[in-house]
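A look at the structure
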Amino acid sequence: MDRIEIVEVGPRDGLQNIPQFVPTDTKVALIRALIAAGIKRMEIGSFVSPKAIPQMRDMEDVVARLGSLPGVRGMALVPNAQGAKRALGAGVTDIEFVISMSDAHNMSNVRRPTRASIDDLAATLAEIDPGRHMKLRIGLATSFHCPFAGTMDENHVLGTIERIVALREGFELALSDTTGMALPTHVKSLASKAIKTFGRQATFTFHGHDTAGFGIANVLAGIDAGIRSFDGSVGGLGGCPFAPGATGNIATEDMVYLFQRMGIDTGIDLPKLLDAGDIAVALPGAVTGSHARRIPRDRLFDHGAAYTARVA
Ligand code: COA
Ligand code: ZN
């Protein structure tokens, strides 16, 4: 393995958990700084109810101000057909439709049981994308652990994935540790079974949080299972306001730093990524969680180079 894809989710997962409104200009500046660091795929926000997440109420303006992003795939999270219509209307064709594997979290997040969200997805496909123009990713929230129901049963999750995969071939499915409580053994087990069972109809990625401190271990467990695309949030910001107890995403800096030291290409420039992170962590109300950011920058690079030279 010589290459891993990192999908930046800071402008969505990172910002949605910040109570203070982040001005549109700052959101656009953060996204541009991430692109300057080499990010090629990114969740730029979500088209959700402004009552549910007031932070995302300016999405149409964010997209308009960004303009076209050559070589970059900007993705938006949606909870229903109305969100998908808004995203398409704004010019976004990479859509992430969120469905929780746990009924209790789906009720808290989008105010309906899981099966109703699967019906909404089916209706969205039929109603607004019969021509298959959207690039669709399904965010499988609470694939491992639910803040209300606890550890998720693997067979229940696989059964729910089966119903989603039956709707259309070619989905990307993000196995998501929404609460950041999953064990690496659990990530490896579920990801292996999902790839073995559905790997011909769909591709799988991993979206992790770092609440319990197992984030990077979970990424490595995902790699063992065959996953090659991972979500990260710059500065380690993030969290779902409807998942009590969850802290930030696995920091993008931590993954880039790890992969750099392991000699695996991500296409991302770490110094420029740290610069983008400076914008994120300075936001009022931001809670940061990156390990790499705690290391002084000169040591970060010196140590990495020296270590790589020693083990090469
Ligand atoms: N974008 C903007 N407004 C939306 C919307 C969307 N995607 N979906 C629904 N609405 C509006 C409706 O127009 C309606 O507005 P009105 O009161 O002015 O008539 C209102 O929201 C209620 O619509 P309803 O379909 O009854 O939604 P709800 O109140 O049951 O809420 C969701 C359901 C899914 C819209 C809401 O829970 C939500 O946006 N959740 C997202 C949560 C999230 O982002 N979590 C973090 C990411 S995983
Ligand atoms: Zn998340």
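This one's a predicted model, so the numbers in the text were calculated from it and none came from an experiment.

Here the focus is the site of ligand 1. In the neighbourhood of ligand 1, 20 residues make up the surrounding shell, with S49, N80, R86, N109 and R111 lying closest. At a separation of 3.1 Å, a nitrogen atom of ligand 1 approaches a polar backbone atom of F47. Measuring from a nitrogen atom of ligand 1, one finds a backbone N or O atom of V48 at 3.3 Å. Contact with the protein chains hides 69% of the accessible area of ligand 1, taken as 930 Å² for the molecule alone. One can see that ligand 1 is located within the largest pocket. Among the elements of the structure, α1 (10–16), α4 (81–90) and α5 (103–110) are those that each provide at least two residues to the shell around ligand 1. Among the elements that line the shell around ligand 1, the one with the most residues is α4, at three residues. Grouping the amino acids of the shell around ligand 1 by side-chain chemistry returns nine nonpolar, six polar and five charged.

One non-glycine residue, R132, lies in the positive phi region at around 60°. Here R132 falls in the exposed class, since its relative accessible area comes to 52%. For T142, which is not glycine, the phi dihedral falls at a positive 50°.

The subject of this paragraph is the pattern of salt bridges. Scanning the entire structure with this criterion turns up 20 salt bridges. Note that D275 and R297 form a salt bridge whose closest N and O atoms lie 3.1 Å from each other. Here the residue D275 occupies a position in helix α11 (residues 270–281), and R297 occupies one in helix α12 (residues 297–311), the gap between them amounting to 22 residues. By relative accessible area, R297 is classed as partly exposed at 33%.

Side chains of strand β10 (residues 229–232) alternate between two faces, with S229 and D231 and F230 and G232 buried alike. In the sheet, strand β1 (residues 5–8) pairs with β10 via four bridges, with the strands oriented parallel. Looking at β10, one finds that E8 is bridged to G232. Of the pairings in the sheet, the one linking strand β9 (residues 203–208) to β10 comprises two bridges and is parallel in character. Note on β10: the bridge partner recorded for F206 is F230. Between the parallel elements β9 and β10, the chain passes through helix α9 (residues 215–225) in a crossover that is right-handed.

Attention now moves to the coordination of the zinc ion (ligand 2). At the metal site, the zinc ion (ligand 2) is ligated by D13 (OD), H207 (NE2) and H209 (NE2), and these contacts range over 2.0 to 2.2 Å. We note that the donor set of the zinc ion (ligand 2) lies within a single chain, spaced as D-x193-H-x1-H. Pair noted here: D13 is in helix α1 and H207 is in strand β9, with a separation of 194 residues, a long-range link. When its relative accessible area of 3% is taken as the criterion, D13 is described as buried.

Summarising the element assignment, P244 is placed in the loop between β10 and α10 (252–262). For P244 and I118, which are 126 residues apart along the polypeptide, the C-alpha to C-alpha distance reads 24 Å. Among residues more than four places away in sequence, those in contact with P244 are P147 and F148.

Another aspect to go through is helix α8 (residues 184–198). The terminal C-alpha atoms of α8, which comprises 15 residues, lie 21 Å apart, in line with the 21 Å expected from a rise of 1.5 Å per residue. Those residues of α8 not exposed but buried are H186, V187, L190, A191, A194 and F198. Along the axis of α8, the buried positions cluster into a sector of 115°, meaning they face one direction only. Facing away from the buried surface of α8 by more than 90 degrees, the exposed residues are T185 and K196. Tucked inside the fold, the buried residues of α8 contact β7 (150–151), α7 (154–165), β8 (172–177), β9 and α9.

Looking now at the packing of α8 against α9. At a minimum axis separation of 8 Å, α8 and α9 run at an interaxial angle of 30°. What the angle tells us is that α8 and α9 run roughly parallel. Both α8 and α9 take part in a crossing whose hand is right-handed. Taken together, the residues of α9 that come into contact with α8 (itself represented by P184, V187, K188, A191, S192 and I195) are A217, N218, A221, G222, D224 and A225. The residue inventory of the contact of α8 with α9, partitioned by class, reads seven nonpolar, three polar and two charged.

Procedures and definitions
Residues numbered from 1 in each chain as written. Chains lettered and ligands numbered in written order. Predicted model: local features only at pLDDT ≥ 70, side-chain atom pairs only at ≥ 80, totals over all residues. Heavy atoms only, no water. Near = heavy atom within 4 Å. Polar contact = N/O pair within 3.5 Å; in protein donor to acceptor, adjacent residues only side chain to side chain. Areas by Shrake-Rupley, 256 points an atom, 1.4 Å probe, with all protein chains shown as cover. 1 Å grid on protein atoms, 1.4 Å probe; cavity = no way out; pocket = protein on both sides within 12 Å on 5 of 7 lines; lining within 4 Å. Sits in = over half its atoms within 2 Å of the grid points. Helix = DSSP H or I, 4+ residues; strand = E, 2+ residues; numbered from the N terminus. Nonpolar A, V, L, I, M, F, W, Y, C, P; charged D, E, K, R; others polar. Buried < 20%, exposed > 50% of the residue type's maximum accessible area, 1.4 Å probe, protein only. Salt bridge = Lys/Arg side-chain N within 4 Å of Asp/Glu carboxyl O. Pairing = 2+ DSSP bridges. Right-handed = clockwise from strand over helix to strand, strands pointing away. Donors = N, O, S within 2.8 Å, 3.2 Å for Na, K, Ca; no water. Contact = heavy atoms within 4.5 Å. Expected span 1.5 Å × (residues − 1). Arc of directions from axis to C-beta. Axes fitted to C-alpha atoms, helices over the stretch in contact; angles between N-to-C directions. Parallel < 35°, antiparallel > 145°, perpendicular 65-115°, else oblique. Left-handed = near helix turned anticlockwise from the far one by under 90°.

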